[in-house]
Amino acid sequence: SIYVTHDQIEAMTMADKIVVMRNGHIEQAGSPLEVYDHPRNLFVAGFIGSPSMNLIAGTVRAAAGGLHVETDDGVALPLPAGSSGDAGRSVYYGVRPDHLTVAGADGFDATVDVVEPTGADTLVFARAGNQKICGAFSERYSFKPGEHITLKPRLDCIHLFDAKSGINLRT
């Protein structure tokens, strides 16, 4: 049977297969976890997941240690070792809130705006440079607005989307 819903939590828990549509066109079809873990494009990445995937505009840059993504205001976002790509390419760096950890010196700096304890998780809304970012943590942190923290993404869970086409470059 086919069940139509706009409630993605309902779709994720009930479906064997999800079809994400936009303007009457199929953007992606697959199992709930396939669509969540491997979004085909920016639309699917921003639509599936609550809170939604962080999508940060930047440019692929080469440095001595390999490639990273740099935002317009100079925040360097790490990519996995051995990543290949076109230096100078405009991209969106995608990382889900639950794929961020609070780190020592090997992440990127952020400033806390809002902390929302939800019970099992705490949502931390912050800014990395001028980019808004959300982290979801099961650990109990007592962050305060204005506090500076260092966030580190799980590098095996990073997505890169071409800024022009919106296509996921890492799937």
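Quick look at the structure, then. These numbers come from a predicted model, not from an experiment.

1. Notes on the nonpolar core
What tends to happen in soluble globular proteins is that the nonpolar side chains get buried as a cluster. If you look at the biggest cluster of nonpolar residues, it comprises 24 residues, and the most contacted ones within it are Val 69, Tyr 93, Phe 108 and Leu 151. Going through the elements one at a time, strand E3 (54-63), strand E4 (66-70), strand E6 (90-95), strand E8 (108-117), strand E9 (122-128), strand E10 (131-137) and strand E11 (148-153) are the ones with two or more residues in this core. Once residues lying within four places of it in the same chain are set aside, the contact partners of Val 69 are Gly 58, Thr 59, Val 60, Val 75, Ala 76, Leu 77, Leu 79, Val 91, Tyr 93 and Leu 160. Ala 11, Ile 18, Val 20 and Tyr 36 belong to the second-largest nonpolar core, a separate cluster that totals 7 residues.

2. Some points on the sheet that holds E3
Here we have 5 strands laid out as an open sheet, ordered E5-E4-E3-E6-E12, and antiparallel in their pairing. In this open sheet, the two strands that pair with only one neighbour each are strand E5 (76-78) and strand E12 (159-162). Going from strand to strand, the sheet's axes swing by 45° on average, the running direction of each strand aside. Where E6 and E12 come together, 4 bridges link them in antiparallel fashion. Note that in E12 the partner of Gly 94 across the bridge is His 159.

3. Thoughts on the packing of aromatic side chains
Across all of its chains, the model carries 3 aromatic pairs by this definition. Ring plane angle 10° and centroid distance 5.7 Å describe the contact between Phe 43 and Phe 47, whose orientation is recorded as stacked. Of this pair, Phe 43 and Phe 47 both sit in helix H3 (residues 42-47), separated by 4 residues, roughly a single helical turn. Taken together, the aromatic side chains of Phe 137, Tyr 141 and Phe 143 make up a single cluster linked through ring pairs. A cation over an aromatic ring shows up here: Arg 96 above the ring of Tyr 36, its NZ or CZ 4.0 Å from the ring centre.

What counts, and at which threshold
Residues numbered from 1 in each chain as written. Predicted model: local features only at pLDDT ≥ 70, side-chain atom pairs only at ≥ 80, totals over all residues. Heavy atoms only, no water. Core = buried A, V, L, I, M, F, W, Y, C linked by side-chain atoms within 4.5 Å. Buried < 20%, exposed > 50% of the residue type's maximum accessible area, 1.4 Å probe, protein only. Helix = DSSP H or I, 4+ residues; strand = E, 2+ residues; numbered from the N terminus. Contact = heavy atoms within 4.5 Å. Pairing = 2+ DSSP bridges. Axes fitted to C-alpha atoms, helices over the stretch in contact; angles between N-to-C directions. Phe/Tyr/Trp six-rings, centres within 6.5 Å; stacked < 30°, edge-to-face > 60°. Lys NZ or Arg CZ within 6 Å of the ring centre and 35° of its normal.

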